[in-house]
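A look at the structure
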Amino acid sequence: MKDRVIKTMKSTVLLFILLGVVSGRRIQLLRGLPATGTVEENSPAGVSVHTFNVTLTPLSSEGVAIHPTILNSNPLTEAFDIESTGDLVYQVVTSGNPVLDYETMPKRFDLQIFVEDTTGRTDLSTLTVQVVDKNEPPVFRGNMAIQTVTIYILEGTRPERIYQVDAADPENGGLKYSSLPASVPFLVLESGSIFSKKVFDYEKDPHWYFLNITVTDPEGLNSTKTVNINIINIDDERPYFTIKQRIYRIPEEQSPGTVVANITAKDPDDEDSPSRLFYSIQSSDPYFSINPSTGVLQVTRRIDRDVPPLKLHPNISVIVRVEDSPSGGHASEMEIIITIEDINDNPPECIPSTFRKEINENTTAGTFLLDLRNYCKDIDVDVPNNLFNFTGLSGFGSNNFALESTGSGRLVMTGSIDLENPATLGVEVYSLTVRVRDIASPHYSSKYPFYTFLIFSYIIYIYIRIKPVNDFFPVFDSLSYEFNVRETTKVGSRIGEVHARDADWPPSVITYSIVAGGGTRDYTNIFWISPTNGDVKILARLDYETTQKHLFTVQASDQEKTATASVTVNVLDVNDEEPVCSPNFYASQIPVSLSAGTNVNGFRIQCQDRDSDPRSFRYFIKEGNVNNHFTFSPSAGSNTSRLILASRFDYDSGLDKSWIYRLRVYITDDNLLSARDKATHLVKTGTVSLSIRVIPNPTTAITTTPGFTLVTRKENLYSDSAWYVPFIITLGGLLLLGLLGYLGLLLAMWLRTRCPPARKADSAPLINDPGKKKPKKEVVLKMTRLNTVFDGEARDPVTGKIYEFNTWSGARRWKKSSEPLQPTPAMQVTSGAKQWWPSDSGGQDTGRAEAPSKKETSEKRKEPTTETKKEPTTAAKPSARPSQTPGQDGVKVQKQK
């Protein structure tokens, strides 16, 4: 049956072509056709396939009206085109889009070429094009197709397969693999497997190889890629020490970090680069450490030869270990003997070695200050190493102090000190030094760096502080301070500084504080002063519109005496207030037929700004104003503006598609500023959100995409900002329902106990009659069914099936053998009659459905039909009977609620 329909359709198409040729007085105009041509696959654009010419009759001397054109092709393709070479000579060439491929595309194309001269004579002929296969070189696949492959082989690995080369031939021919150079220790089989031929030694063999892999097809075409093979070194050798010395001698009391020896070693695995070895000490020795990277052996702590155990055993044994891996690799060990030599390293010691003394500036001369001998001793056990004396009193201000004798160590005052004296102004502390000298020849420089080789003495530091007397009051630089601060200054910002000085020497530490003023109605104090440097900062936001000036008093104190100063803070006005409009949200509905220039539902917004003139407002719609249908009038210079429809809606032509406009209106206070001032002045912006829903006329058809069914429903929508309304209503309803149910249960229990029901045999059952049904509610939906008209057909080049298409929208579908090639009429369904019928409006689909009138809907709700009661369905059932009321294309859906 399907083949018969296809043959019938082919005959019809050929009949149409023959009728067109006959009506055009067809004669043979195409010379060189029909014919057969060949072309190789992968041919670029412009390759000639066949050449022919057009022969004109004497009557058509003016030329060709329609040049030779490819009218159709079997299968469909755009791979060919016709070019004119002059003098009515034409050639069929490849277009290059798509490029012909013998393996994936059809191998033959039948091109129907049409021509018409100026007298109306036409000719139609066929050119058969054969695609010729062309041998193509093989191609690599996998990683070798996109990059150079690098193979890594560990030294010591046995010969094995290291890689598999993968390639393919477009003609599916057998491939063979080969490699160059032949001298490398690798073998490539004809199957593409790469094998190593030896065990590699990184210390002896080359570290990398380059292998050229060539793949060849049966006809000799080949492709070549390079494979890099790297040999990876592994740790397989034991390191060895390169130093020969095993015994070292150092004196005691060496400072930490002193180098004792430089241990060196070598790893055979690192002959071409510095060895990466790790050194460590295996013995439990606390005096020495070794750098794990360099092998430098150094002192880590004090070595005292005069205390056990070194007093009896001065030799220290150190076991050094070298490894080629920090986590256990090949290693070697070596023992080193270090002998500690004794020196005279015990000088006289004073505990403490630094003394601090405080005296008043009015202390008299001759006053005893300190006895140093009570704090000093020498721990050496042999005479004269434990004998010492005090010498060399020196330092800043030492002329005011003296030692009674070199052996006594008593320090006394020789003069009076006055801090206010210009000669000693600023001198508060005197630094004195006293040398404690050992009678024997000591060696202290290694243990005590501050000893000198020439003097050989222990130094005592004495700091004498002169306690000052507070004689003067603090004085501010100014009795009053004034700061100008913008009201937009951030909280915590520094707005100024106050400073006070004290004439006492040394100057007393002055602390600052606010002692009066600086508060507002909401804050006790909105200012803060740094106690140390007098920086004044704000603790709360300043508001010019509330307070233009703040007064407060600051105090400077040196812990004993105080001084005060007044501070005035002038608040500078700044445009920091946003315009506030009422209402800030508005939702409304307007008809689609509203005239341009109309005030939308009389809506207007009224704005105010605490720090801007009403004439400074400017209104514009920032978002949602599709096609600029809305505007505000006046748009600037007033604190009141109306929403105006600037242009009518146009849904019929498709210009307008959205039925809901969510407008975001910006109100700025920069209308009175010039263009140059707007870039420098602070501009504030207020916002208002509007939701405008356009209500279509009853006859307005909503534009839809062909092939879809549109269902229009009305829903009760809440504003996004009022999400809590349905929640509160639902929760309140549930609580009220529960309360009523509980009260009903209590009432029923009370009635049951007070008034028991009488027992009668013929009493009516308490359960409702199941046969008694509740009335059903009818929901009327307006539906629009649009059917696509398929006005053309063609054959798929891959499957060979016939498909239909719509020339306007491009929609396609497979053609059914039983379906004629004609537009599908619109269907209209009515649930009340359960019938369907084709539209009788002259074969034209209206593309929309008309909703039933309100009166009809209300009557059907009051008087449901018997058919509706018996069959409560949610959708209408189709019937084979024609409708008794043509023209009505609405759909009624009955739903039991």
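Heads up: the structure comes first, above all this text.
First, a word on scope: everything that follows refers to the structure included in this document. These figures come from a predicted structure and were not determined experimentally.

Next up on the list: the packing of aromatic side chains. Tallied over the entire structure, the rule returns 22 aromatic pairs. Between phenylalanine 396 and tyrosine 430 the ring centres are 5.8 Å apart and the planes differ by 15°, which places this aromatic pair in the stacked class. One end of the pair, phenylalanine 396, is in the loop between β31 (388-395) and β32 (401-403); the other, tyrosine 430, is in strand β34 (residues 429-438), with 34 residues separating them in the sequence. Given a relative accessible area of 2%, tyrosine 430 falls into the buried group. Linked through ring pairs, Phe630, Phe649, Tyr651, Trp659 and Tyr661 together constitute an aromatic cluster. In this structure, lysine 107 packs its charged tip against the face of tyrosine 102, placed 4.8 Å from the ring centre. We note lysine 801 situated over the ring of tryptophan 814; from NZ or CZ to the ring centre the distance is 5.5 Å.

A few words on the sheet that holds strand β1 (residues 30-31). The strand order β1-β3-β6-β5 describes an open sheet built from 4 strands, whose pairing is antiparallel. Each edge of the open sheet is held by one strand with a lone partner, namely β1 and β5 (80-86). Relative to strand β6 (residues 89-94), β5 is paired through 6 bridges, and the arrangement is antiparallel. Opposite phenylalanine 80, over in β6, you have threonine 94 as the bridge partner.

So, about the nonpolar core. Counting 27 residues, the largest nonpolar core has Phe630, Phe632, Phe649, Ile667 and Leu690 as its most contacted members. Contacts of phenylalanine 649, omitting those with residues within four sequence positions, involve Ile590, Pro591, Val592, His629, Phe630, Asp656, Tyr661 and Val694.

Here we take up the sheet that holds strand β22 (residues 278-281). Taken in spatial order, the 4 strands line up as β19-β26-β25-β22 in an open sheet, and their pairing is mixed. Every interior strand has two partners, whereas the edge strands, β19 (247-251) and β22, have only one. Geometrically, the sheet is characterised by an average inter-axis angle of 30° between neighbouring strands, direction not taken into account. As defined by bridge partners, strand β25 (residues 315-323) adjoins strand β26 (residues 331-341) across 9 bridges and the pair is classed as antiparallel. Each residue of the ladder has a partner; that of asparagine 315, found in β26, is threonine 339.

Position of phenylalanine 472 relative to the elements: it lies in the loop between β35 (457-467) and β36 (474-476). For phenylalanine 472, a relative accessible area of 38% puts it in the partly exposed group. When the C-alpha atoms of phenylalanine 472 and proline 507 are compared, they prove to be 9.7 Å apart, with 35 residues separating the residues in sequence. Setting aside its immediate chain neighbours within four residues, phenylalanine 472 contacts Asp502, Ala503, Asp504, Asp558 and Lys561.

Side chains of Glu203, Asp235, Asp236 and Glu237 sit close together on the surface and give a patch of like negative charge. Relative to the elements of secondary structure, aspartate 235 occurs in the loop between β17 (222-232) and β18 (240-241). Since its relative accessible area comes to 36%, aspartate 235 is described here as partly exposed.

Our next topic: the side chain of aspartate 123. Among the secondary structure elements, aspartate 123 is positioned in strand β8 (residues 122-132). At a separation of 2.8 Å, a polar atom in the side chain of aspartate 123 contacts the main-chain amide nitrogen of leucine 29. At a separation of 2.9 Å, a polar atom in the side chain of aspartate 123 contacts the main-chain amide nitrogen of leucine 30.

Burial along strand β46 (residues 585-591) is one-sided: the residues Tyr586, Ser588 and Ile590 are buried and none of Phe585, Ala587, Gln589 and Pro591 is. One ladder, built from 7 bridges, connects β46 with strand β52 (residues 685-695); its direction is parallel. If you follow alanine 587 over to β52, its bridge partner there is serine 691.

Analysis parameters
Residues numbered from 1 in each chain as written. Predicted model: local features only at pLDDT ≥ 70, side-chain atom pairs only at ≥ 80, totals over all residues. Heavy atoms only, no water. Phe/Tyr/Trp six-rings, centres within 6.5 Å; stacked < 30°, edge-to-face > 60°. Helix = DSSP H or I, 4+ residues; strand = E, 2+ residues; numbered from the N terminus. Buried < 20%, exposed > 50% of the residue type's maximum accessible area, 1.4 Å probe, protein only. Lys NZ or Arg CZ within 6 Å of the ring centre and 35° of its normal. Pairing = 2+ DSSP bridges. Core = buried A, V, L, I, M, F, W, Y, C linked by side-chain atoms within 4.5 Å. Contact = heavy atoms within 4.5 Å. Axes fitted to C-alpha atoms, helices over the stretch in contact; angles between N-to-C directions. Patch = residues over 30% accessible without salt bridge, like charges linked within 9 Å, V, L, I, M, F, W, Y side chains within 5 Å. Areas by Shrake-Rupley, 256 points an atom, 1.4 Å probe, with all protein chains shown as cover. Salt bridge = Lys/Arg side-chain N within 4 Å of Asp/Glu carboxyl O. Lys, Arg positive; Asp, Glu negative; His and termini not counted. Charge placed at Lys NZ, Arg CZ, Asp CG, Glu CD. Polar contact = N/O pair within 3.5 Å; in protein donor to acceptor, adjacent residues only side chain to side chain.

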